[in-house]
Amino acid sequence: MTIRRIGGRIGAEFLDVDLAQPISSELAAEINSALVEHKVLVFRGQNLDDEAHVRFSTIFGALTTAHPTVPSVDGQTNVLEVAGGEGARANTWHTDVTFVLSPPKATTLRSLVIPSHGGDTLFSNTAAAYQDLPPHLRVLADQLWAVHSNEYDYAEHPQFRTDELDEYQKVFTSTRYRTAHPVVRINPDSNTPNLFIGGFTTGVVGLSKTESRDVLRLLQSYVTRPENTLRHSWKVGDVVVWDNRSTQHYAVDDYGDLPRRLHRVTIAGDIPVGADGNKSYLIEGDDAAHYTPSAVA
């Protein structure tokens, strides 16, 4: 087994590993350690069905259900279909499901149908982004809290609005969630600070909309610096895993009406803790216990 680094600051590829086979406790520990270190792991040429995908995902911990509001794949409680329909193209920088109290620890994504061109996914290292901040900006970020909601501004570019997008958004926001998370989150496995913001962030606690927008835009510019990013070009059979506590990602919408279909399984996370030791708290909605077993951990 060989691990090959991909990006300078993020990403590694596991070679000569068959995820369809039983994974020993030693290998599972090595994969988990590599995830914390490299943030994104790539496994090429895998031959998994949904059951094998779910089984592999459990090496990282207890699983969530597919999504707090979006239905799962038929017969697979833990599997969410990520298809290329106009309603579900995640072409904004975000961290998965940050609008609930206990966002996922990690995400595993498996490719089934990939367009002949386009459809890449970008990833960013939010720990490196925090380290890039000038010291005085770190002091500011350490003190900030942000509101995350599933009613984010999906209509920011009205020229891309479609009936399909509107219908998808109705499902996505069928239960409204609003949660306050620290802008700087401490990853409990590495004890490193990360900028915990992204597309579901709707404002900064105690600031106006204009002030929030300016502050978040400034911090987000460090997240998306090319030095902190990785671009993954999908092939059928790829499995990609990322640490949801230390990354953001962006699904590039450049493949027109070509088919693109992937299946996602997520690992339950804990309640984020900020630089000051305080935990996230709910503003609106429930604790999403139907979605994550660690909702009240």
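Every chain's residues receive numbers from 1 upward, in the order its sequence appears when written. Selection of residues for local features in this predicted model requires a pLDDT of at least 70, selection of side-chain atom pairs for listing and counting requires 80 or more, and totals for whole chains, interfaces and linings are taken over all residues. By convention in this description, side-chain values take in all heavy atoms of the structure and omit both hydrogens and water.

(A) Summary view of helix α2 (residues 50–57). Three labels apply to residues, based on accessible area from a 1.4 Å probe with only protein chains included: buried if under 20% of the type maximum, exposed if over 50%, partly exposed otherwise in between. Numbered from the N terminus, helices here are DSSP runs of H or I no shorter than four residues, and strands are runs of E no shorter than two. Within α2, six of the eight residues are buried, leaving the element largely enclosed by the surrounding structure. Turning to α2, its buried residues are Asp 50, Ala 52, His 53, Val 54, Phe 56 and Ser 57. Polar contacts, as used here, are pairs of N or O atoms within 3.5 Å; protein pairs need one atom able to donate a hydrogen and one able to accept it. Residues neighboring in sequence count only if both atoms are side-chain atoms. Looking at where α2 begins, the residue whose side-chain oxygen comes 3.3 Å from the main-chain nitrogen of Glu 51 is Asp 49.

(B) Structural detail: the pattern of salt bridges. In the sections that follow, a salt bridge refers to a side-chain nitrogen of Lys or Arg positioned within 4 Å of a carboxyl oxygen of Asp or Glu. Enumeration over the complete set of coordinates arrives at 15 salt bridges. Between Glu 13 and Arg 4 there is a salt bridge; the shortest N-O distance is 2.6 Å. Given a relative accessible area of 10%, Glu 13 falls into the buried group. For Arg 4, a relative accessible area of 41% translates into the label partly exposed. Across the pair Glu 81 and Arg 261 runs a salt bridge whose closest N-O atoms are separated by 3.4 Å. Taken together, the residues span a long stretch of sequence, with Glu 81 in strand β4 (residues 80–83) and Arg 261 in strand β15 (residues 261–267) at a distance of 180 residues.

(C) Structural detail: unusual backbone geometry. Of note, the phi angle at Val 97 is positive, near 55°, even though the residue is not glycine. Mapped onto the elements of the fold, Val 97 is located in the loop between β4 and β5 (106–113). Within the chain, Asn 191 stands out as a residue other than glycine whose phi angle is a positive 60°. Looking at the element boundaries, Asn 191 is found in the loop between β9 (184–186) and β10 (193–195). By relative accessible area, Asn 191 is classed as exposed at 60%.

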